[in-house]
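The residues making up each chain are set out below.
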Amino acid sequence: MNVEATDSGQTIYIVDDEEPVRKALRLLVKAEGLDSRCFETARALLDSVDEIGPGCLLLDVCMPDMTGLELQEELRARQVQIPVIVLTGHADVPTAVRAMKDGACDFVEKPFDTDELLRRIHECLSSEKKQRQKADMHRHAMERVARLTPREREVMEGLVAGKRNKRIAEELFISFRTVELHRASIMEKLEANSLSDIVRTALWLDSD
Amino acid sequence: MTGFDTYTTGPDVVTDDTVGELQVGSSAQTMAAGNTSPESVTGRVVLVDVDAAIVSRLEAQLKGRISFEMLKTSRQMLAELEQMLPRVDALLLGVNVREPVRVAQRVQPLGNDIPVLILTEPEHHAQLGQALRFSPFLGSDVSPWPVSRLDELPLTLEEAISRAQKRRSYRRAVAASQLRLGNIYNGRLQVTHYLDRLLDNAPIGILNVDVHGIILGMNRYAGRMLDRTERETLGVSLADLFPAEEMDALHKLVARCVAPSKRPAPEVIDISGAHGSVRFLEVMASSLVDRSGQLGATLILQDVTARVCAERERCEAEEALRVSERRYRELVQTMSEALVLTDNQHVITYVNESFCSMFGYSSEEAVGRHLLEFVHEEDKQVMGDRMSQTPDAAAGVKRYETAWVTREGRKITTLTSPKRIFDPDTGYVGCLGIFTDITERKQVEEREKKHMLELAHVSRVTTMGEMSSQIAHELTQPLTAIAGLSAGCLKLFRAGAAAQEEVDETLSDISHQANRARDIVVRLRSFVRNEEVQRSPIEINDLVRGVVPLIEIEARWYSLPVKLDLWEPLPAIMGDSVLIEQVVLNLAHNAIEAMHGTEPRRRGLTIRTSMPDENHVQVAICDSGPGISDEVKARIFDPFFTTKADGMGMGLAITRSIIDAHHGVIEVNGCNEQGGTTFAFTLPVPES
């Protein structure tokens, strides 16, 4: 029970062609206190791809119609950002390697150890959550930086590089005073209280 | 019997009163005897076609002493001569008489004492003389006379007449003396004469021979038997009439009768060689004696050709029968197959040597025992049933494989073709069985069968190996489900959040999944088991339904549908169900593999059962793959032939040997309605 690591917004998406397996996974996830949504085929998931929110995808590689790996590819092509745990029927190293290369965050062999699977799911969820937070910060930073004028942007870069106002004024061929005005404006636009806030925003900016 | 010659040449002459007194002698003598005219009549000459001038000249010179009779042609002369003969002293043939030599020859038998003068042209004289000298049957008193020497003709004629008359008078004197002797036998001659005539017409041959085997006389029938005329045989030795190889027997026969101590037994003489046709004579000899003592023997001949031939045929037939019987007996005794005769209760009445050596019992031990006592335990029931069937004369000979036990307790197998024997009067009398020992062949067959079964087992295990991924996956699913369901349920339960119906449903799901896993394991285990062949009735449709889950393991993997098209109802066939399952699975496995490259939408496997005729059941496995070429088709059942990259090439070879072992047929159609391949095997429905 790692409740604090999850938040209510996360859902486990299950894709498996075998009804008993889907049922088992749903029950397991439910007992763990997580929400789940089941799809019989990869196609069915793609049909409702817009409804996919935060969480993780439990994907059976071995399915008729469209295999798990093909689905993974399709999701990446559609830029659906969701961590994938691949479930394989039997130890099939090439399949696992391909899945990992294609960006799966983990792969679990069937029949799985339930505790192990749950641990992996939680790991995945928390990493997803972190990833999601990181992405939020980045997006936030980008939005705020976007408010800056090109000159303010140049000044900010100087500040982040640890240059003093006088030095920035010399390099940009502007007066010391003008630099100070830009700095105040930057602080306001970036909703920063201190120079360290500006630096942090700039770091989020680069985190992508 | 000494007078055959005379009688046969002319009975008319014999009855002539003028010669009635005669018993022997030539015709010349007869004539002489008839002519009792005195010497004063000096002669009578017959002239044939003689020139009138010559006649008058002769008459002029011989007038009063010799009379002339003139005839126009030689034919006329020959016709009249017989009547005139006693009074004719000479014959003169004219220059124009044709073929004078032949005419002289014709005259000769009538009277060889008549001198014949033939007138010729001088230029032909020498030629005619030459011809006369070399002509047979002519006496010395036939001579040519050239017309150029007519002057001397009357004198020559007179001399000739005188010569003839002297000869005649001499003969007459001899005849007169014989006549005096002959009178004594006069009465006897009459008897002999009639007897001879009787014997001439009797259907037996009579042959008189002297002590040296020289023929003295014979009757007509004997002549006919020997194909000779009496003329040819008189004075001839027996050796000339009978084949040389029979002479010994004949001589003995004659010798025995000549010394008549006991009655001689008849002898059968083969004269086939002398006549070119088969001919047998039975010869009996009796001595021929006259007052003067032993003369020779009378041989009585009887044609026994028909009897001898019949006898000989009977002997030959008997011999042929004996040979044939001996041959059959030898055949039966020495044939490599065992032969058994039983009565209608199946009690053994006869066995041959091969039976004894095959079974180890002596003939005496085997005869009298019931045939069933020799049958091996495993076949007793079948054999007993067969024996109790009502024998049917119309039923043909069938062949059975039967197991027997020898004296040492060894089991032998034979191919038996029992023939029921029916007597036209008494019906079913028993059975003739011929056993061919096929124990070795059977052992080889069994070894081969075992070998095939081992291969089939290897093949099944191999198939399972090839399907291991699919099988693992198949087992993984229920295990995964079980693991997930049970863990989830446990968690809910522990958290106190488990609703009654949810736990209920989950546990039943778990149980369901466990059963599913077990089913797979059971099926696999039965499929790869290696047991003795068990022939039992098989419902083909049930078998197909049973094997479909195994097929679907793979079919699901490649996501292709399996369609069943089953003919209901089908009669049961006999066989080993595991082997037939293997055939279906193997063909389905190949079919699925064949469709790897096929577009997923077009993939489909159909298993169809049908009855092509009332005695056969057919199972067809059709795929929608690319089909196969004729070259591949021709070799597809060959061992180690494969089109797969990692195939061994044994699958279809084994499949075929399994079908063969079930007396079935497997065929392949390289291009079915879907363009794919159809493998169809047909199995016989056992006779009910």
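Thresholds, definitions, all that
Position labels on residues start from 1 in each chain and follow its written sequence. Following the order in which they are written, the chains are lettered starting with A and the ligands numbered starting with 1. Only residues with pLDDT of at least 70 get local features here, since the model is predicted, and only at 80 or more are side-chain atom pairs given and counted; chain-wide, interface and lining totals rely on the full set of residues. Processing note: side-chain calculations cover all non-hydrogen atoms of the structure and skip hydrogens and water entirely. Should any heavy atoms of two residues lie within 4.5 Å, those residues are considered in contact. For salt bridges, the criterion is a side-chain nitrogen of Lys or Arg within 4 Å of an Asp or Glu carboxyl oxygen. Note on conventions: DSSP H or I runs of at least 4 residues are helices, E runs of at least 2 residues are strands, and numbering of each starts at the N terminus. The nonpolar class holds Ala, Val, Leu, Ile, Met, Phe, Trp, Tyr, Cys and Pro. Asp, Glu, Lys and Arg form the charged class, and all remaining residues, Gly among them, are polar. Each nonpolar core is a collection of buried residues, namely Ala, Val, Leu, Ile, Met, Phe, Trp, Tyr and Cys, held together in the definition by side-chain atoms within 4.5 Å. For every residue, the accessible area (1.4 Å probe, protein chains only) is compared with the maximum for its type, and the residue is labelled buried under 20%, exposed over 50%, or partly exposed between those bounds. Note on definitions: angles span 0 to 180 degrees between N-to-C directions of axes, and those axes are lines fitted to C-alpha atoms, for helices only across the stretch in contact. Roughly parallel means an angle under 35 degrees; roughly antiparallel, over 145; roughly perpendicular, 65 to 115; everything else is oblique. Every residue carries a pLDDT, the predictor's confidence in it, which falls somewhere between 0 and 100. In this scheme, strands are said to pair when DSSP sees at least two bridges between them.

S.K.: Mind laying out the interface of chain A and chain B, listing which residues take part and the relevant values?
M.R.: Each side of the interface is counted separately: chain A has 21 residues, and chain B has 23 residues. If you look at where chain A meets chain B, you find 6 salt bridges. The partner of Lys491 of chain B in a salt bridge is Glu32 of chain A, with the nearest N and O atoms 3.5 Å apart. Within the residue set of the side of chain A that touches chain B, elements represented by two or more residues are α1 (19–31) and α5 (114–146) of chain A. With 8 residues, the top contributor of residues to the side of chain A that touches chain B is α1 of chain A. Partitioning the side of chain A that touches chain B into residue classes produces 11 nonpolar, 3 polar and 7 charged.

S.K.: Describe the nonpolar core, with residues and values.
M.R.: Counting residues in each nonpolar core, the largest one holds 55 residues, and the members touching the most others are Ile540, Ile551, Leu587, Leu605, Ile607, Ile621 and Phe681 of chain B. Contacts of Ile607 of chain B, omitting those with residues within four sequence positions, involve Val544, Val548, Ile551, Lys563, Leu564, Asp565, Leu566, Val584, Val619, Ala620 and Ile621 of chain B.

S.K.: Give me the lowdown on the packing of α5 of chain A against helix α19 (residues 468–494) of chain B, citing residues and values where you can.
M.R.: Here α5 of chain A crosses α19 of chain B at 75°, and the two axes come no closer than 10 Å. Considering their axes alone, α5 of chain A and α19 of chain B lie roughly perpendicular with respect to each other. Counting all contacts with α5 of chain A, which are made through Thr114, Asp115 and Leu118 of chain A, the residues of α19 of chain B involved are Ala483, Gly484, Ala487 and Lys491 of chain B. Here the residues of the contact of α5 of chain A with α19 of chain B are counted per class, giving 3 nonpolar, 2 polar and 2 charged.

S.K.: Explain the confidence of the model for chain A to me, and be specific about the residues and the numbers.
M.R.: Residues with a pLDDT of 70 or more make up 93% of chain A, whose mean pLDDT is 84. Under a pLDDT of 50 for its full length, residues 1–6 of chain A has, in the predicted model, 11 contacts with residues more than four places off or in other chains.

S.K.: Tell me about the side chain of Glu32 of chain A, residues and numbers included.
M.R.: Structurally, Glu32 of chain A is set in the loop between α1 and β2 (35–39). Exposure remark for Glu32 of chain A: the relative accessible area of 10% places this residue in the buried category.

S.K.: How would you explain the sheet that holds strand β5 (residues 106–109) of chain A if you had to name every residue and give the values?
M.R.: Residues and elements named next belong to chain A. Judged by pairing direction, the sheet is parallel, and its 5 strands sit side by side in the order β2-β1-β3-β4-β5 without closing on themselves. Of all the strands in the sheet, the pair left with one neighbour each is β2 and β5. Geometrically, the sheet is characterised by an average inter-axis angle of 20° between neighbouring strands, direction not taken into account. The pairing of strand β1 (residues 11–15) with β2 spans 5 bridges and is classified as parallel. If you follow Tyr13 over to β2, its bridge partner there is Arg37.

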